[in-house]
Amino acid sequence: MEEILRVEGLSKSFGGIEAVKDVSFSVYRGEVLGLIGPNGSGKTTLVNLVTGLIKPDSGKVVYKGEDITGLKPHVIANKGIARTFQQTKHFPYLPTIANVLVPSMSPRGRRDGSPLEKALESLVFTGLLAEADVPAGRLTHYQLKLLELARVMALSPELVFLDEVFGGLSPSEIEKVMELLEYLNKGRGMTLVVIEHKLRYLMRMADRVVVLSYGRKIFEGKPEEAVKHKEVIEAYLGRGVFT
Ligand SMILES: Nc1ncnc2c1ncn2[C@@H]1O[C@H](COP(=O)(O)OP(=O)(O)OP(=O)(O)O)[C@@H](O)[C@H]1O
Ligand SMILES: [Mg+2]
């Protein structure tokens, strides 16, 4: 298995809160890795550290053998790492298609292929083509989640962090998003790190899971073993995430 990303002893505190504490793990090319943990366990902070939004207090991030720790977000993005945001981000007054185009047409961005062609293809793929000229501010919550995926797809990344893409979606919408993710992974060869706090969705799609609790890694392995693991069960106790 080829390692695409490795985090080593990554730590980040905010004031007195140790949001991420000495976390190490690898991501292998082609896999779907679940990154799970209760609210506030450090999932989003970890993604922010890897994608350069914030700098770690200590530890490093290695992407395809290169130390990328502390590089600027656009530099990291150009290397082929993309992410979606838990709180979806969009320009409400710009048409949907422009929202997909903006990151892939950035003068500092990487160019491979025609941005317009890729944007159109991404809209078709996510089912948003009919919304292409509608201001993004008029999209539903589900459509905004699809917009996040369309934007990622248009960037043709190798590694994608998906921060709670299922959040606030109905069961049938979750099924559709899962199908799209499966296509990105199997059809487009993208390596996916899927962040969720509900285990049951990841049980179906993840090859492996990493579990965080209070900023620390408490488990790494097969999802079906995670649900039997004592510390994981304790971390989730009473939170209803297994249902
Ligand atoms: N910018 C910040 N300033 C201060 N504290 C922060 C900041 N970002 C995160 N934290 C704190 O760090 C901890 C980890 O937060 P984080 O958002 O990474 O968790 P999470 O696992 O993504 O949670 P959720 O499931 O709710 O999205 C929390 O205690 C949070 O309040
Ligand atoms: Mg989060």
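See the structure shown above.
Here the structure is a predicted model, which means the values were calculated and not measured.

## Quick word on the nonpolar core
For soluble globular proteins, nonpolar side chains are generally found buried alongside one another. Ranked by internal contacts, the top residues of the largest apolar core, which has 49 residues, are Phe-166, Val-177 and Leu-181. Take this core: its biggest share by element is nine residues, from helix H5 (residues 141-154). With 25 residues, the next largest nonpolar core counts Phe-25, Leu-35, Ile-81 and Ile-195 among its residues.

## Re the coordination of the magnesium ion (ligand 2)
Protein-derived ligands of the magnesium ion (ligand 2) are Thr-44 (OG1) and Gln-86 (OE1), with the metal-ligand distances lying across 2.0 to 2.2 Å. Here Gln-86 lies in the loop between strand S6 (81-84) and helix H3 (96-104) and Thr-44 lies in helix H1 (residues 43-50), a separation of 42 residues in the sequence. Judged by its relative accessible area of 29%, Gln-86 falls in the partly exposed class.

## Notes on the layout of surface pockets
Empty space left among the atoms is revealed by rolling a probe the size of a water molecule over them. Approximately 190 Å³ is the volume found for the second largest pocket. Every residue along the wall of the second largest pocket is listed here: Val-32, Glu-175, Met-178, Glu-179, Leu-181, Glu-182, Asn-185, Lys-186, Arg-204, Met-205 and Asp-207. Among the secondary structure elements, those contributing two or more residues to the lining of the second largest pocket are helix H6 (171-187) and helix H7 (199-205). At seven residues, the largest contribution of residues to the lining of the second largest pocket is made by H6. Its residues assigned to classes, the lining of the second largest pocket comprises four nonpolar, one polar and six charged.

## As for the sheet that holds strand S2 (residues 17-28)
Strand order in the open sheet formed by four strands is S2-S1-S4-S5, with antiparallel pairing between adjacent strands. Both outer strands of the open sheet, S2 and strand S5 (66-67), are each paired with one neighbouring strand and no more. The pairing of strand S1 (residues 3-14) with strand S4 (residues 58-63) spans five bridges and is antiparallel. Residue pairing across strands places Ser-11 opposite Ser-58, the latter belonging to S4. Contacting S1, S2 and S4, H1 crosses the sheet at an angle of about 115° to S1.

## With respect to the site of ligand 1
Within the structure, ligand 1 sits among 13 residues, and Gly-40, Lys-43, Thr-44, Thr-45 and Gln-86 are positioned closest to it. Gly-40 has a polar backbone atom sitting 2.8 Å from an oxygen atom of ligand 1. Within the backbone of Gly-42, one N or O atom sits 3.0 Å away from an oxygen atom of ligand 1. About the coverage of ligand 1: the protein hides 62% of its 640 Å² of free accessible area. Elements with a contribution of two residues or more to the shell around ligand 1: S2 and H1. The element contributing the most residues to the shell around ligand 1 is H1, with three residues. Residue classes in the shell around ligand 1 are distributed as four nonpolar, seven polar and two charged.

Calculation criteria
- Each chain has its residues counted from 1, running along the sequence as written.
- Naming scheme: in the order in which they are written, chains are lettered from A and ligands are numbered from 1.
- Where local features are concerned, this predicted model is filtered to residues with pLDDT of at least 70; where side-chain atom pairs are given and counted, the filter is 80 or more; whole-chain, interface and lining totals use all residues.
- With hydrogens and water set aside, each side-chain value is computed from the structure's full complement of heavy atoms.
- Buried Ala, Val, Leu, Ile, Met, Phe, Trp, Tyr and Cys residues that are joined via side-chain atoms within 4.5 Å together make up what is termed a nonpolar core.
- To sort residues, take the accessible area from a 1.4 Å probe on protein chains only and compare it with the maximum for the residue type: under 20% means buried, over 50% means exposed, and anything in between is partly exposed.
- Counting from the N terminus, the helices are DSSP H or I runs at least four residues long and the strands are E runs at least two residues long.
- For Na, K and Ca the donor cutoff is 3.2 Å, while for all other metals N, O and S atoms count as donors only within 2.8 Å; water does not appear among the atoms, so some sites may look incomplete.
- A cavity, in this analysis, means grid points on a 1 Å lattice covering only the protein atoms where a 1.4 Å probe fits yet has no way out; a pocket is instead an open set bounded by protein on both sides within 12 Å along at least five of seven lines, and a residue lines either one if it has an atom within 4 Å of a point.
- Grid points are joined across faces, edges and corners, and a volume is the space filled by probe spheres set on the points.
- Following the grouping adopted for this structure description, the nonpolar residues are Ala, Val, Leu, Ile, Met, Phe, Trp, Tyr, Cys and Pro, the charged ones are Asp, Glu, Lys and Arg, and the polar ones are all others, Gly among them.
- Here, a strand pair is defined by DSSP locating no fewer than two bridges between the strands.
- The contact definition used throughout considers only heavy atoms, calling two residues in contact when any of these lie within 4.5 Å.
- To get an axis, fit a line to the C-alpha atoms, keeping to the stretch in contact for a helix; angles then go from 0 to 180 degrees between the N-to-C directions.
- Residues are labelled near a given molecule or strand when at least one of their non-hydrogen atoms is within 4 Å of it.
- N or O atoms within 3.5 Å of each other form a polar contact, as long as, within protein, one can give a hydrogen and the other can take it, and as long as residues adjacent in sequence are counted only when both atoms are side-chain atoms.
- All accessible areas in this document rest on Shrake-Rupley with a 1.4 Å probe, and a residue is counted as covered only by the protein chains that are shown.

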